[in-house]
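Listed below, chain by chain, are the residues.
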Amino acid sequence: MVNGKVALRVPPDVITAKCAPYRRRGKPWHRLQLQNLPDYDIVRIYGAEYRGIVNYYLLAQDVSRLSVLRWNAETSMLKTLAAKHKSTVTKMAARFKTKAATPDGPRICFEARLRREGKDDLVARFGGIPLRQDRRAVITDPAPVPYITPRKELVHRLRKRWCELCDHSATVAVHQVAKIKDLGQLGPGQPAWAALMAKMRRKTLIVCAACHDYIHANPVANAA
């Protein structure tokens, strides 16, 4: 109690519990169940989880202690992106880092965008929230963030009725390979459809009938 008022604080065990999903073997770790999702969804899920916890504790005097959670979640997110792109945490940080305007000035955050035909980009953001007490904050229980599984994503892609190879609207079907390595390696032996799937890191491709025939007529020459 301070000056006759109850001092709200962030319980240490809460910080430990909230950091646990992002840690493995004693350090921040990538999340295998997320690494096949689009960059936008990976950043969106991490951002929503972190934002929900921080907003819940903005009334606490020591909300700055959540910087430990931010570091663990941020590192886990960057490692998940690095695992997806077979890259490094440093390169992922440079690729997605930006600054967000806040009432306390610009703050570093990470953003991923989802391009949409004829519409503004969807923007997913992690961080950019000043860890300072906000006496006007209202405590609300954050809603759980559902994970978008590859199956649901595939249904969404099918419903768009858009060929991902020729980039035209059409009646579509799914072309699928058993493993990413079946797409071969970049070079003369890798046709355009396989190069696109490798770039997307997807074992499925939504294609029209003509493109499906093209795919079967142009197999991968250097598949593993």
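Residues numbered from 1 in each chain as written. Predicted model: local features only at pLDDT ≥ 70, side-chain atom pairs only at ≥ 80, totals over all residues. Heavy atoms only, no water.

Trainee: It is not clear to me how the nonpolar core should be interpreted in this structure. Could you clarify?
Mentor: Here is a general trend for soluble globular proteins: nonpolar side chains tend to be buried in one another's company. Of all hydrophobic cores here, the largest spans 35 residues; its most connected members are L66, M77, L81 and F126. Elements supplying a minimum of two residues to this core: α1 (12-19), α2 (39-56), α3 (67-85), α4 (89-96), β4 (107-114) and β5 (122-127). The leading source of residues in this core is α2, at eight residues. With residues up to four places along the chain from it excluded, the contact list for F126 reads V43, Y46, G47, Y50, R70, A73, E74, M77, C109 and F110. Counting residues in each nonpolar core, the second largest holds twelve residues, with C163, M197, V207 and V220 among its members. (Core = buried A, V, L, I, M, F, W, Y, C linked by side-chain atoms within 4.5 Å. Buried < 20%, exposed > 50% of the residue type's maximum accessible area, 1.4 Å probe, protein only. Helix = DSSP H or I, 4+ residues; strand = E, 2+ residues; numbered from the N terminus. Contact = heavy atoms within 4.5 Å.)

Trainee: What exactly am I supposed to notice about the pattern of salt bridges here?
Mentor: Opposite charge on two side chains permits them to pair, given that their charged atoms come into close proximity. Evaluated as defined, the whole model comprises nine salt bridges. Notably, a salt bridge pairs K84 with D39, separated by 3.0 Å at the nearest N-O pair. One end of the pair, K84, is in helix α3; the other, D39, is in helix α2, and 45 residues separate them in sequence. Exposure class is identical for K84 and D39. Each is buried. Several salt bridges share partner residues, and in doing so they unite D39, K84 and R95 into one network. (Salt bridge = Lys/Arg side-chain N within 4 Å of Asp/Glu carboxyl O.)

Trainee: It is not clear to me how α4 should be interpreted in this structure. Could you clarify?
Mentor: The α-helix winds at 3.6 residues per turn, so residues separated by three or four positions along the chain end up facing the same way. Among the residues making up α4, those that are buried are M92, A93 and F96. For α4, the arc enclosing every buried residue in end-on projection is 100 degrees, short of the 170-degree limit, so these residues lie on one face. For α4, exposure combined with an orientation more than 90 degrees from the buried face picks out T90, K91 and A94. Where the residues of α4 are buried, they touch α2, α3, β3 (97-100) and β4. (Arc of directions from axis to C-beta.)

Trainee: Please explain the packing of α3 against α4 as it appears in this structure.
Mentor: Packed helices, taken two at a time, are described by the angle between their axes plus the distance between the axes. Orientation of α3 relative to α4, taken along the N-to-C sense of each, is 105 degrees, at an axis distance of 8 Å. Considering the angle they form, α3 stands roughly perpendicular to α4. In this structure, α3 uses L78, K79, L81, A82 and H85 to contact α4, whose residues at the interface are V89, M92, A93, R95 and F96. Among the residues making up the contact of α3 with α4, the classes are represented as seven nonpolar, one polar and two charged. (Axes fitted to C-alpha atoms, helices over the stretch in contact; angles between N-to-C directions. Parallel < 35°, antiparallel > 145°, perpendicular 65-115°, else oblique. Nonpolar A, V, L, I, M, F, W, Y, C, P; charged D, E, K, R; others polar.)

Trainee: So what exactly am I meant to see when it comes to the packing of α1 against α3 here?
Mentor: Between α1 and α3, the least distance of the axes is 9 Å, while the angle of their chain directions is 5 degrees. Taken together, the axes of α1 and α3 are roughly parallel relative to one another. Seen from α1, the contacting residues are I15, K18 and C19; seen from α3, they are V68, L69 and N72. Taken together, the residues of the contact of α1 with α3 break down into four nonpolar, one polar and one charged.

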